[in-house]
Each structure stands twice: as structure tokens, then as C-alpha cells.
Amino acid sequence: MTRSTPRHTTVRQALILSSRDLGSRVARGAGFTLLGIVLRTTLTIGSMAILARLLTPADFGYLAMATVVTEFAGLLGSFGFANILIQRRVITRLQLDTMFWATLALGCTIAAVIFALSFFTHWLFGDEATGPLLRVMCLTFIFGSLSTVHQAILSRLMRFGTEFIIQIGTIGLRSAAAIILAYLGFGVWSLVYGSLAGSIIGTLLMVSAIRYRPRLRFHRQYLLSTWKTSSSYMGNTVLYYLNMNSDLLLIGRQFGASALGYYQNARSLTDEVRGRIAMPLQRVLFPAFSSLQADQARLQHSVLRSGRLLAAIICPIGIGLSAVATEIVPVLYGEQWLPMIPILSLLGISAALRGSTAIGSSLFNSQNRVPLAFRYNIISTALLLCSILFAMPYGLNVVALAIAANSLFSVFVFRVALGLIGLGTSHLLHILARPFIAALLMWAAIAFLRNLPILTALHPGMHLGALIACGAISYASVLHLLSRQYLQDFTELAARFTKRR
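Keep in mind that what you see is a predicted model, and the values were worked out from it rather than measured.

1. Describing the overall build of the chain
Across its full length, the chain holds 25 helices and zero strands. For the chain, buried positions account for 55% of its 501 residues. Taking the intrachain contacts of the chain between residues at least 6 apart in sequence as the baseline, contacts between residues at least 24 apart amount to 84%. Accessible area for the chain stands at about 21400 Å²; split by element, carbon and sulfur atoms hold 67% of it.

Printed below as a string of C-alpha cells:
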């Protein structure tokens, strides 16, 4: 009994969302998220820099083709079940068990479908090389489905320190496996086996951290009652997939594996802004916003402060990547990757816009307005597809430009999300204007300093580091001149985090 008590206590604590000490918990979660951002980005970029020298652009291109299929299946894998569990203020143990078995069944079904589709990849991509890759990668959906409910419990408990350890451990071991295999000459398979190893390790760590064990029972009526919400989540998931992967599919078919490799690595680097910063912060804010549904004043204050901090962090990173693209590509990836420079420059700006407005998704979800988000996602997806198709005859760089321009629509959708809680255009400008002004001036400062003789005489790595340092100083200085509120926000965030530790 003594061994089972902590496990049952953990699950019981997760059944009711609590707003007690919410500010400190969110601050601590943001602190762990920021620390995780630094470590995850360092691990990811460092491993990619090594792999880019061991593998060819075509290797990354073939993996990107396979990812078009696996990401779609991965997003469908939970059918929005995890979000439903996080969003509801009160859930039951029976509902957890129901969601576990439903998610597992869905994961197994998707794995079987992907395995079958792997024999027809020549029709999808005009290349049969991705078929064998998919027949291995489909296993990740089975492993991933085993930890969906555990992840939801962890989010409801807002145990961000535990999530931080799991993510860092998973990325570190996955990267190490891929690098070792690439060094041994496995080629593109090193990326595939590394991904599979990461899925297995992440599931094992999650199950070990959250001692939830499903009971063999199922509540069919509850599952049916969530159909409307879960289907809306699924609809948004499909549209999110099209937004994130239609470019890979079209570029792969039109320009081939090598060109797709250049594009994919440029996108992967800029996706660090959204995937490693904005998305983790969404996981912190979604349960926090959900617990404040009945207190609009506190919710508005929380959204304004969170949005202000998020934009202040993401704007300089995205626009900074655009500013130093000429230097960062040869330093990190080597000379064979120089064609990705203009692509990285354009996608960095796109990442700044999309990442700075990413908390809009948490607002739609926490206010139970998923169908409304779905309608806007339809428009966004249609605009993206039209932009790509229009730009494709003019080359890969014009496609990247069209995608960057399309990201402006995310600002409009963010304004709609703010309106759900009684905020308006002035609040949108309050969140975005100052960080973007400071970031654009930083871009201009880097462009001016780039060709100074004192910097061009340095080693390429030191030249890059000097530009980054000068850009960071100029951004921080301008932002502080525009508003001293940011220094106060970051100081309070750091104080809360250190106090909670």
C-alpha cells in the first residue's frame, strides 16, 4: 500500500484544476521553460551542426518527405484528447482511463495505416526512397500514444520541472543516437533510428515520472460526449498540419530531395523559435488560462503580461536569425549548405511573427472556442496554399518569401483571440509594437556592423559571435528605452522562479 499511495495521490491531485498560487506556478513554469529553451536549442542546433557535416542535403530531404506523412499522423494521434483533459476544470479517473485506451487504439490504427501507405510513396513524392523509412517511423505512433494521458496529467499539475527533465533527456539521447549512427555510415537511417529512439525514451521517462496506470475499463458515452470538441481539435490539427507541411510536400515534388533539404534545415532552425519557445510556453499558459475562465480581470492581466514577455523573447531571436543568416549557415552547417541563406533570412521573419502571436491558440482553447479557431485556420491554410502555388514557378526563394508574407495573417488571428477576453487593438500593439521596433533596429545595426574591418578580420565563428552580441546589446538597449516595464517583468519573473526553487 505504501508504494501505491503516492501514485494515487498524484492522479487525484490532477482531477481538479486549481488556481491557487497560480502566479508563482506560472512564473516557475516560465523559468523552467526559458532554461529548457536554452538547453534544447543548444542541443538541437549543436547536433544539427554535426549531422550536417556527416550527411548530405538529400538525406535531410528524404527525411522531410517522410515527415510530411508522420507529422500528420502524429498530430492526429491524440485526436485532441489531451487538450480536452487539460481544458476541463474537473475530470474523473474513469475519463482518464477512457482517453488512454482510445488514444492507444488510435495510435495503433495510425501506425498500421502509415505502414500500408509506405508502399505508395512514389505516387505522393515521385520517389520510392521514403517508403522503407516510413515502415520504421510508423512505430513512433504506438509509443507516443502510451504517454498522452501522462502528459495531460503533468500539464494539469503544472509540474514544469519534471517536464523539463524529460524533454532534455529525450533530446540529448535522441541526438546522441543519431550522431553515432551517422558517424558509423548509416546515412539517412541515422535520423530515422534517432527519432525512434527519442520516441521510446520519451515515453519511458514520462511513464516513470507520472505513475498513472490505466484500468481496464471504458466509458463510451463520455467519449461520444467529447466528439464535438475533439473533432474541432482534430479539424484544427489537420489545418495546422497543412500549414506546416504543405510546403514540404510541394517543394519536394517540384524541386527534389536536395532542394528540400536546404529548405527543411532552414525551416528547422527557425522552427526552434516556435517549437522550442512559443509551443512550450503555450503548454505553461493553456492550463493557467483554463483555470482563470471565471475571472476575466485576472485573465486579461495574465494574457497581457505573458504576451508581452513572449514577444520580447521571440522577436529578437527570429529577426536575429534573419539578420545573421549569411554568417550562421557556413559556421554551423558548412559550405555545402550556402543555398539555404536567403531561405533562412526570410523564414526568420516569419518565425518572429508566428511565434510572438502563438498564445492566441491557448486563448481559443481555454475559452472553449475551438470551432472559431477552426474557421480562421481554414482561411489561413487556403492563403498559404495559394501563396505557395503562385510562387513555385519562380523558384524556391520566392516560395520562402510567400510563406513569410503569409505569416502576417497570424497577427489578425491573434487580435481575434484577444477579443474573446475583452481586449482590443490597443492591447495588441501593447504586446507587439515595442519588441518589433527594437528587433528591426537590431537588424539594421547588424547590417551596418557586418562589414566593419575590425569584425571582418575575425575568425568566422568569432565574427558571428560578435554580431550576435552587438545585436543583443542594441535590442536590449532600445527595448529598455521604449519601456522600462520589460526590465521589471523579467526581474519579477526571475525573482519568483528563484524563490520557488
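2. Digging into the pattern of salt bridges
Applying the stated criterion across every chain, the model contains four salt bridges. D97 serves as the salt-bridge partner of R93, at 2.5 Å between the closest nitrogen and oxygen. Of this pair, R93 and D97 both sit in helix α5 (residues 93-117), separated by four residues, roughly a single helical turn. Looking at R93, the relative accessible area reads 15%, which means it is buried.

3. A few points about the confidence of the model for the chain
Residue-level pLDDT values for the chain average 82, and 82% of them are 70 or greater. Mean pLDDT values over the elements of the chain span from 65, in helix α1 (residues 5-14), up to 94, in helix α22 (residues 425-449). Low pLDDT, under 50, characterises residues 1-5; the stretch is placed with zero contacts to residues that sit more than four places away or in other chains.

4. A word on a nonpolar patch on the surface
Side chains of I50, L54, I180, Y183, L184, F186 and Y193 sit close together on the surface and give an oily, nonpolar patch of about 720 Å² of accessible area. Of all the elements in the fold, those that place two or more residues in the nonpolar patch are α2 (22-54) and α10 (160-183). Here Y193 shows up in helix α11 (residues 188-209). Using a relative accessible area of 33% as the deciding quantity, one classes Y193 as partly exposed.

5. Description of the nonpolar core
The tendency in soluble globular proteins is for nonpolar side chains to be buried side by side. Core analysis: the biggest nonpolar cluster contains 103 residues, and Y263, V303, I328, Y333, W337 and L418 have the highest contact counts within it. Counting residues in each nonpolar core, the second largest holds 21 residues, with I84, V149, I153 and M206 among its members.

6. A short note on the packing of α5 against helix α9 (residues 148-157)
Axis separation between α5 and α9 bottoms out at 8 Å; the angle between their running directions is 140°. When the axis of α5 is compared with that of α9, the two are oblique. The segment α5 lies against α9, with L96, M99, F100 and T103 engaging T148, V149, H150 and I153.

7. Some points on the environment of L196
The topology assignment puts L196 in helix α11. Separated by 58 residues in the primary sequence, L196 and C138 place their C-alpha atoms 9.0 Å from one another. Apart from the residues lying within four places of it in its own chain, the contact partners of L196 are V136, L139, T140 and F143.

8. What about helix α16 (residues 325-332)?
Among all positions of α16, only A325, E327, I328, V329 and L332 are buried. Just downstream of α16, G334 is the residue with a positive phi angle, here 100°.

9. Things to note about the packing of aromatic side chains
This structure, assessed with the given rule, holds 11 aromatic pairs. Arranged with centres 6.0 Å apart and planes meeting at 50°, the rings of Y333 and W337 form a pair that is tilted. W337 shares its class with Y333; the two are buried. Considering the side-chain rings of F409 and F412, the 5.7 Å spacing of their centres and the 40° angle between planes classify their relative orientation as tilted. With F409 and F412 both in helix α21 (residues 409-419) and three residues apart, this pair spans about one turn of that helix.

10. Here we look at the side chain of T103
Checked against the element boundaries, T103 lands in helix α5. When its relative accessible area of 1% is taken as the criterion, T103 is described as buried. Within the structure, the side chain of T103 is placed 2.7 Å from the backbone oxygen of M99, a separation counted as a polar contact.

11. Focus: the environment of Y263
In this fold, Y263 is placed in helix α14 (residues 257-291). Taking the relative accessible area as the measure of exposure, Y263 reaches 0% and is therefore buried. When the C-alpha atoms of Y263 and I341 are compared, they prove to be 9.6 Å apart, with 78 residues separating the residues in sequence. Those residues in contact with Y263 that sit more than four places away from it in its chain are D247, L248, I251, I343, L347, L396 and I403. Within the local environment of Y263, its side chain forms a polar contact with the side chain of D247, the two groups lying 2.5 Å apart.

12. A short note on the packing of helix α15 (residues 296-323) against α22
Helix packing geometry: the angle between the two helix axes and the distance between the axes. Following both chains from N to C, one finds α15 and α22 inclined at 20°, their axes separated by 8 Å at the closest point. Considering their axes alone, α15 and α22 lie roughly parallel with respect to each other. Like other packed secondary-structure pairs, α15 and α22 cross with a definite hand, here right-handed. Here V303, L304, G307, R308, A311, A312, C315, P316, I319, G320, S322 and A323 of α15 come into contact with α22, specifically with H427, H430, I431, L432, P435, F436, A439, L440, M442, W443 and I446. Across the contact of α15 with α22, the residue classes tally to 17 nonpolar, five polar and one charged.

Thresholds, definitions, all that
Residues numbered from 1 in each chain as written. Predicted model: local features only at pLDDT ≥ 70, side-chain atom pairs only at ≥ 80, totals over all residues. Heavy atoms only, no water. Helix = DSSP H or I, 4+ residues; strand = E, 2+ residues; numbered from the N terminus. Buried < 20%, exposed > 50% of the residue type's maximum accessible area, 1.4 Å probe, protein only. Contact = heavy atoms within 4.5 Å. Areas by Shrake-Rupley, 256 points an atom, 1.4 Å probe, with all protein chains shown as cover. Salt bridge = Lys/Arg side-chain N within 4 Å of Asp/Glu carboxyl O. pLDDT = per-residue confidence, 0-100. Patch = residues over 30% accessible without salt bridge, like charges linked within 9 Å, V, L, I, M, F, W, Y side chains within 5 Å. Core = buried A, V, L, I, M, F, W, Y, C linked by side-chain atoms within 4.5 Å. Axes fitted to C-alpha atoms, helices over the stretch in contact; angles between N-to-C directions. Parallel < 35°, antiparallel > 145°, perpendicular 65-115°, else oblique. Phe/Tyr/Trp six-rings, centres within 6.5 Å; stacked < 30°, edge-to-face > 60°. Polar contact = N/O pair within 3.5 Å; in protein donor to acceptor, adjacent residues only side chain to side chain. Left-handed = near helix turned anticlockwise from the far one by under 90°. Nonpolar A, V, L, I, M, F, W, Y, C, P; charged D, E, K, R; others polar.

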